[in-house]
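As a plain string of letters, each chain reads:
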Amino acid sequence: MADEARLIDLDGLQGLIDALSARGYTVIGPTVRDGAIVNAPVHGVDDLPRGWGDEQDAAHYRLRRRGDDAVFGFAAGAQSVKPVVFPAHELIWRGRRTGTEFTVNDRDADGPVAGPPPPYALLGVRSCDLHALAIHDTVLLGRGYTDTRYAERRAGSFVVAVTCTDPGGTCFCASMRTGPHPDGGFDLALTELMDDGPHRFLVEVGTPRGADVLADVATAPAPESDVVEAEAIAVEAASRMGRTLDTDGLKDVLYASADSPRWDDVASRCLACTNCTLVCPTCFCTSVEDVADLTGDVAERRRVWDSCFNEDFSYIHGGSIRTETRSRYRQWITHKLAAWVDQFGTSGCVGCGRCITWCPAAIDITAEAAALRWTPQPAAAGS
Amino acid sequence: MTSLIDNQHPGRTGAIDDLPADPMVPRPYRISRTRQDTRDTFTLELEPVDGPLLRYRAGQFTMLDAFGVGEVPISISGDPTRPGPLEHTIRDVGVVTHALITAPTGAVLGVRGPFGTSWDVTAGEGKDVVFVAGGIGLAPLRPALMELIARRDRYNRVVLLYGARTPEDILFGDELRSWAKDHGVVVEVTVDNGQHAWRGRVGLVTQLVPRAGFDPRNTLALVCGPETMMRYVAAALTDRGVPEHRVRLSMERNMKCGVGLCGHCQLRELFVCVDGPVLPYSRLAPLLSTREL
């Protein structure tokens, strides 16, 4: 890859956005909105969070001025690209009743469009979120049944990844081996170089499609020293993550912890607010909502994000399976860190740290996993 | 993931034409008959508005849709060995089930499926087969019983242990008598509460297990009912020596999709909709012992 790496400057970054827009993509990238880094349509470098960084800790998120000109100098934003390729609300079908007949259309022309139109170019995707995309590909496309709407959005998406150079206090992708340097799943990958030289980006090409787009952008060959510097930045970033998660034998730890007293402890803090599942880039649980007009002649079904922290998530006739918060937190963390491995072959956690940052009660998945590891189990307590 | 990317037409979704049909979109079926079985339980016969009759395996379920009201998973209760209308036996317990059982003959409902695993009653050929049903749990077992009866000579002793709340709640009464009289099925029924006119047994269905007279080492057991009942029945069966992997339970969980995508039906590593609903007790035993898992 090293001999293929190219360099672009800020004009080149603008050129890349222009080239993608010219090909019909809606370019979605990081912007500053409501005091946070939020993905939104971008038209140029000026839309990006230039000079902005962030500080993140449990239940804490603040933007800060970096004091430099970095365009990607922040950690995981409030949301991953999940809402772009897997929207929180989506029409599944609309049906019309005529007499006793009922016809269903899965692609109704006048259906609501959620967000800007596809196809999307996803700009600035971090390595943690690239791994989350790959996980969603497995969950939603790689099994017996396919989420056809996700497939459509995903297939058309162009991915420009970015190496995280300034990780946050809740980051732990290094210990999940999912970052900070993008290792695949992108069309193009950028590493922002902010040394004494000019402000520039090392560009790696991941696909022929990426090369094709890059050919429309003014680039220069990357000297070996810049390739080495980009690698060094990633290594240095990996050493500055605020959290770690020990995954060694974690599945067995969680399966053995089903009756752990720790669940009561975490339930005394957890508000079951669902924030963690909403910001998690891999949480995929959904529900459906049925809506009919006043006559009952037009009905539609929408898929909406759901959360295992909602009491009615597990409702069957007679009551919910998981009535207590302890059971719902146990379901979430056990699924994420253990059952996911059995179901999909990887952990469901990519170490982005969002669930820690956005938990209003400052519950920390890495701390809870560690506590479960060291909490004596009731069955083993007497031995 | 790169296989999804269309290099020739960036942004175009040409590969989508090759994708399978959307499993979330229902097919229209017309109600050809609604039969009242008991005070609160009805059997719907459905025929496709267009296209062939649905092929399914005993134990599978569909997602039944009352348009504009909602969709629920319901086990198929018909006879898989004979072509005919699609049958579902439904208890009137919620908004959607009420809309389904009160829909007029000729009304169009939505059907997705069939989904899930089957009872695979043929694994009991050359063995004794014990069916244990609690309440509406008899309905999902009926297709397996019909399949067995169609090849009755291939099975040894066949027992149906059935627990209902009251004598008035007993499902498929005529068929129970026919299975016993004409097809060599030992049918034992018990109720939770019986009035003076009831001359049968009163008590839990688990109490029928010891006197069912099957050979535990050579038995396939198929169990369907409330989860607590299934747990006790499975324990009673395995205590008598039926191997855990030959005790099969049909699990109930919240389901929004039926195809393993919505996440609602998860039981630790299992997606009950695609890994189940029929699952061997050997897989379920460690999961059913934890409360609220």
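Predicted model, so just to flag it, every value in this text is computed and none were measured.

Q: Looking at this structure, how should I read the domain arrangement of chain B?
A: Put simply, an interface is often sized by how much accessible area is lost when its parts join up. All names here are of chain B. Domain assignment breaks chain B into domain 1 (27-115) and domain 2 (121-250). Taken together, the contact between domain 1 and domain 2 spans 20 residues of the former and 15 residues of the latter. Buried surface at the junction of domain 1 and domain 2, summed over both partners, amounts to about 1300 Å²; 58% is from carbon and sulfur atoms. Counting across the domain 1 and domain 2 interface gives three salt bridges. In this structure, Asp-169 and Arg-39 form a salt bridge, with 3.6 Å as the shortest nitrogen-oxygen distance. The interface formed by domain 1 and domain 2 contains two residue pairs in polar contact (both at pLDDT 80 or more). Sort the elements by how many residues they give to the side of domain 1 that touches domain 2 and strand β5 (residues 86-91) lands first, with four residues. The residue makeup of the side of domain 1 that touches domain 2, split by class, is four nonpolar, nine polar and seven charged.

Q: I'm lost on the sheet that holds strand β4 (residues 70-75) of chain B in this one. Help?
A: By definition, the strands of a sheet pair up through backbone hydrogen bonds, in either a parallel or an antiparallel sense. Residue and element names in this part refer to chain B. In spatial order, the strands read β4-β3-β6-β1-β2-β5; together these six strands make up an open sheet with antiparallel pairing. The open sheet has two edge strands, β4 and β5, and neither has a second partner. Looking at each pair of strands side by side, their axes are set apart by 40° on average, direction ignored. When strand β3 (residues 61-66) meets β4, the two strands line up antiparallel, connected through six bridges.

Q: What is the right way to look at the interface of chain B and chain A in this model?
A: With 52 residues of chain B at the contact, the number on the chain A side is 63 residues. Taken together, both faces of the contact between chain B and chain A bury some 4900 Å²; the carbon and sulfur share is 58%. Notably, a salt bridge pairs Arg-291 of chain B with Glu-324 of chain A, separated by 2.9 Å at the nearest N-O pair. The interface formed by chain B and chain A holds 21 residue pairs in polar contact (both at pLDDT 80 or more) in total. For the side of chain B that touches chain A, the elements supplying multiple residues, two or more each, are β1 (27-36), β4, β6 (108-115) and β14 (270-271) of chain B. Examining the composition of the side of chain B that touches chain A, we find that three residues originate from one element, β6 of chain B, more than from any other.

Q: Would you take a moment to explain the pairing of strand β8 (residues 120-125) of chain A for this structure?
A: For a regular strand, side-chain orientation follows a simple rule: the groups alternate between the two sheet faces. All names here are of chain A. Within β8, six of the six residues are buried, leaving the element largely enclosed by the surrounding structure. Relative to strand β9 (residues 158-162), β8 runs parallel, the two sharing four bridges. If you follow Ala-121 over to β9, its bridge partner there is Phe-158.

Q: Can you walk me through the nonpolar core in this structure?
A: Where a protein is soluble and globular, its nonpolar side chains tend to be buried together. One finds Leu-122 of chain A together with Leu-161, Val-223, Leu-237, Val-247 and Leu-249 of chain B to be the most contacted residues of the largest nonpolar core, which totals 83 residues. It is helix α3 (residues 127-141) of chain A that contributes the most residues to this core, eight residues altogether. Every residue in contact with Leu-237 of chain B, bar those within four places of it in the chain, is listed here: Val-209, Phe-214, Ala-221, Val-223, Val-242 and Val-247 of chain B.

Q: Would you explain the packing of aromatic side chains in this entry?
A: The geometry of two aromatic rings is summed up by the distance between their centres and the angle between their planes. Scanning the model with the defined rule gives 16 aromatic pairs over all chains in all. The positively charged end of Arg-143 of chain A is found above the aromatic ring belonging to Phe-271 of chain B, 4.9 Å away from the centroid. Of note, Arg-268 of chain B hangs over the ring of Tyr-255 of chain A, and the distance from its end group to the ring centre comes to 3.6 Å.

Q: How should helix α4 (residues 227-239) of chain B be read in this particular structure?
A: For the α-helix, the turn length of 3.6 residues means that residues three or four positions removed from each other point alike. All names here are of chain B. Between the first and last C-alpha of α4 there are 18 Å, a value that for 13 residues agrees with the 18 Å anticipated at 1.5 Å per step. All buried positions along α4 are accounted for by Met-229, Met-230, Val-233, Ala-234, Ala-236 and Leu-237. End-on view of α4: buried residues confined to an arc of 160°, all on one side of the axis. α4 presents Tyr-232 and Asp-239 as exposed residues on the side facing more than 90 degrees away from its buried surface. Elements that come into contact with the buried residues of α4 comprise β7 (128-134), β11 (219-224), β12 (247-250) and α6 (281-288). One or two residues past the end of α4 sits Gly-241, with phi positive at roughly 110°.

Basis of the calculations
Residues numbered from 1 in each chain as written. Chains lettered and ligands numbered in written order. Predicted model: local features only at pLDDT ≥ 70, side-chain atom pairs only at ≥ 80, totals over all residues. Heavy atoms only, no water. Domains from an automatic or database assignment. Contact = heavy atoms within 4.5 Å. Buried area = accessible area lost by both parts, 1.4 Å probe. Salt bridge = Lys/Arg side-chain N within 4 Å of Asp/Glu carboxyl O. Polar contact = N/O pair within 3.5 Å; in protein donor to acceptor, adjacent residues only side chain to side chain. Helix = DSSP H or I, 4+ residues; strand = E, 2+ residues; numbered from the N terminus. Nonpolar A, V, L, I, M, F, W, Y, C, P; charged D, E, K, R; others polar. Pairing = 2+ DSSP bridges. Axes fitted to C-alpha atoms, helices over the stretch in contact; angles between N-to-C directions. Buried < 20%, exposed > 50% of the residue type's maximum accessible area, 1.4 Å probe, protein only. Core = buried A, V, L, I, M, F, W, Y, C linked by side-chain atoms within 4.5 Å. Phe/Tyr/Trp six-rings, centres within 6.5 Å; stacked < 30°, edge-to-face > 60°. Lys NZ or Arg CZ within 6 Å of the ring centre and 35° of its normal. Expected span 1.5 Å × (residues − 1). Arc of directions from axis to C-beta.

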